[in-house]
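What follows is each chain in one-letter form.
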Amino acid sequence: MDIRDLWSEALAGVLARPVRSALTTLGTVLGITTLVVTLGVAATAGNQIVGRFDELTATAITVDVPGRLGPAVGWDSHAGLLRLRGVVSAAAVAQTDASSNLRVTSNTLVDPTRVTGQTLAVVAATPELPGAVLGRMTRGRFFDAGHVRRGDRVAVLGEQAAEMLGVARMESAPAVFVEGRAYTVIGVLGGLRREQALSTAVIVPPTAGAQLGLKHVSRVLVNTTLGAAELIARQAPLALSPGHATELQVIAPPTPKRARDAVQDDVDGLFLILGLVSLVVGAVGIANVTLVTVMERVAEIGLRRALGAARRHVAAQFLLESTLIGLAGGVVGSGLGVVTVVAVSAVRDWTPVLDVRLALAAPLAGAAVGLLAGLHPSLRAARMEPVDALR
Amino acid sequence: MPETAPSTAPGPAPGSVPGSVPGSGAAPGRREPSGDGPPVILLRDVGRVFPADPPVHALRGVCLRVERGDYLAVVGPSGSGKSTLLNTLGLLDRPSSGSYLLDGIETTALGDGARTRLRGRRIGFVFQSFHLLPHRTVAENVMLAEVYGGPPRRGRRERAMAMLEKVGMAHRAGFPPGRLSGGERQRVAIARALLGEPSLLLCDEPTGNLDSGNTEMVLDLFDALHGQGLTLLVITHEDAVSARAGRRVRISDGLLTEE
């Protein structure tokens, strides 16, 4: 028997009752759709969460220097970090418990009718700070290496600190008084995307900060390129302080891999089982309908046997018919699944992520379901005696 | 026992008259004169017992010889063994005893596959209920005869159309069988049986579902086919049908008698 004849006979058999064939595919359609949606949404959601980490947290590393270490990390050691591949920006910050609650005023006049002073944190930082906290200068400028070298008593205010102190304009070179010492305000730092606490702080150069007890680096802020955080987190302590590398505390974002796995594990388990159950139900449906079809087409089977069809020809035809029905269910199901994944992504403003292999394997899975479901009915058709079938 | 020996020799069961000398149904324009080559059908002492309590003897020591170009009618009441004889002749059933040579080929010893191939190649079936596939066109129904082990696909439609032409149904080639009359359906079924040039056309009550006008039409077609040299064996209980055959055998209680 020509393979093309087998194909056209099976196709004609499926199309002879189009509505029934379409209804028969429903179970497979449901099962395959559920599987594709489950896997597709899980992959999409997983990548989405990782994507949100990427924006901010996944690239931010903080190295804490315990106070007991003293000058373990020098003020210029963060420059060594910048030589590491993957580091975008880094800045060293000094802040102590004592410096967190200092009295800051914008003038030395004592006005008994008003509260003129504020209790603010004072921190010392290297000139790279604005880049390291992903902020921008809303007014004026940040201090530079020259200020640091000369030991200028300059200060940059956080946005909220400037508001509290009533410092608005830089042109008049206003001053703030910290514990009675005057510092010239040269700028206001705003738009902080990490270390938001600095918004209410007075930031001074390290050399000026030494007078306020801010002698040693207590924290190093590092920003990395995407994906480099894990590596830099391992390398940073060594680069900052080879002698005390193990004593530095590194706060690194959770690795993206772990985040994705956790999400997928949650979503997948239940729905995968649901999808497989619908697939089994679909297979039982195909088996049932094919069996009914075989019983209905007993006369046709007899005719084919009379025309010289061997048992294997009859079996092959019914097997191919049920496989085609399963394949059709798989194609429709994987199509619906892909559309659903895209729709869900559109609603949630996600980027749909779908494995191409999944979209291709889904119809094959449907065909396999049809093949398995057709085994029993087609063997039954083949076992039929032509004499009985023609009666 | 030589294969060519006339089956008159053994005569095992009393009352069973063996296949007689051909010629009674002689018609002009035969493909092959009778006696030339092996007979199309040679049954020797064929029995068929169905296991039951007591066992049913559907065929008892049947001997029959049908030469090429014969037009034979098998008549008998229902339950006489007609269907069993047809199934045996059509290689759909295996006799319990005896031997059956089709075109000189001993079939009783053949395996299932070989019998299926032989059936597909040498026997054309015409059924009482036509057995046309309702969802396929007339032409596709005829072409079905070549699907299993026929010649290559190339030219199949043309061959099918030629057969439809022969039975006068070419103008209905694209119709679904449901839109044809009973007589037209049977003619399509005959066209299907003729495709592949079988040695034997085996007809089981071919006019059982037809009115007298259509019956006449189908019988005229049989006459024409017989005239072209085809070997026909018609099983029927209608006298009008059997009267047209050149030769009549009666089957009763599994015993075959020549009339």
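Residues numbered from 1 in each chain as written. Chains lettered and ligands numbered in written order. Predicted model: local features only at pLDDT ≥ 70, side-chain atom pairs only at ≥ 80, totals over all residues.

Per an unreviewed UniProt entry, chain A carries the name ABC transporter permease and comes from Planomonospora alba. Quoted verbatim from the Sequence similarities (unreviewed entry) heading of the UniProt record, the comment on chain A is "Belongs to the ABC-4 integral membrane protein family." According to its UniProt record, chain A has this under Subcellular location (unreviewed entry): "Cell membrane". (UniProt positions renumbered as here; feature names shortened; annotations may be inferred.)

1. With respect to the overall build of chain B
Summing up its helical and strand segments, chain B has seven helices and ten strands in all. For chain B, the proportion of its 259 residues judged to be buried stands at 49%. Expressed as a percentage of contacts within chain B between residues at least 6 apart in sequence, the contacts between residues at least 24 apart total 73%. (Helix = DSSP H or I, 4+ residues; strand = E, 2+ residues; numbered from the N terminus. Buried ≥ 20, exposed ≤ 12 C-beta atoms within 10 Å, placed from the backbone. Contact = placed C-beta atoms within 7 Å.)

2. Let's talk about the sheet that holds strand S9 (residues 247-252) of chain B
All names here are of chain B. Spatially, six strands are ordered S6-S7-S8-S3-S9-S10 in an open sheet, and the strand pairing comes out mixed. At either margin of the open sheet sits one strand with a lone partner, and together these are strand S6 (123-126) and strand S10 (255-258). Within this sheet the neighbouring strands show an average axis-to-axis angle of 20°, counted without direction. In the sheet, S6 pairs with strand S7 (residues 200-204) via four bridges, with the strands oriented parallel. The partner of Val126 across the bridge, within S7, is Cys203. Against the sheet, helix H5 (residues 182-194) touches S6 and S7, its axis set at about 170° to S6. (Pairing = 2+ DSSP bridges. Axes fitted to C-alpha atoms, helices over the stretch in contact; angles between N-to-C directions.)

3. Some points on the packing of helix H1 (residues 3-16) of chain A against helix H11 (residues 311-348) of chain A
All names here are of chain A. It is at 9 Å that the axes of H1 and H11 come closest, and there the two elements cross at 60°. Comparing the axis directions of H1 and H11 gives the class oblique. Every pair of crossing elements has a handedness; the one defined by H1 and H11 is right-handed. Contact residues: H1 offers Leu6, Glu9, Ala10, Leu11, Gly13 and Val14, while H11 offers Ala316, Gln317, Leu320, Glu321, Leu324 and Ile325. Partitioning the contact of H1 with H11 into residue classes produces eight nonpolar, two polar and two charged. (Parallel < 35°, antiparallel > 145°, perpendicular 65-115°, else oblique. Left-handed = near helix turned anticlockwise from the far one by under 90°. Nonpolar A, V, L, I, M, F, W, Y, C, P; charged D, E, K, R; others polar.)

4. Here we look at the interface of chain B and chain A
Taken together, the 21 residues of chain B in the interface contact 19 residues of chain A. No other element matches the six residues that helix H2 (residues 112-122) of chain B contributes to the side of chain B that touches chain A. In the side of chain B that touches chain A, the residues fall into seven nonpolar, eight polar and six charged.

5. Considerations on helix H4 (residues 156-166) of chain B
Residue and element names in this part refer to chain B. Of the positions making up H4, those classed as buried are Arg156, Ala160, Met163 and Leu164. Relative to the axis of H4, the buried residues are bounded by an arc of 100° and lie together on one face. Packed against the buried residues of H4 are helix H3 (138-143) and H5. Note on H4: the residue one or two positions beyond its end, Gly168, has a positive phi of about 75°. (Arc of directions from axis to C-beta.)

6. Looking at the sheet that holds strand S1 (residues 41-50) of chain B
All names here are of chain B. Spatial ordering of the open sheet is given by S2-S1-S4-S5, a layout of four strands whose pairing is antiparallel. The sheet is open, and its two edges are formed by strand S2 (56-66) and strand S5 (105-106), each paired on a single side. Bridge analysis of S1 against strand S4 (residues 97-102) gives five bridges, and the strand direction is antiparallel. Looking at the pairing, Ile41 lines up with Leu102 of S4.

7. A closer look at the nonpolar core
Counting residues in hydrophobic clusters, the biggest one holds 113 residues, and the most contacted among them are B:Val142, B:Ala191 and B:Leu233. For this core, the element with the most residues is helix H2 (residues 18-55) of chain A, which contributes eleven residues. Beyond its immediate stretch of four places on either side in the chain, B:Ala191 contacts B:Val142, B:Met163, B:Leu164, B:Lys166, B:Val167 and B:Met169. (Core = buried A, V, L, I, M, F, W, Y, C linked by C-beta atoms within 7 Å.)

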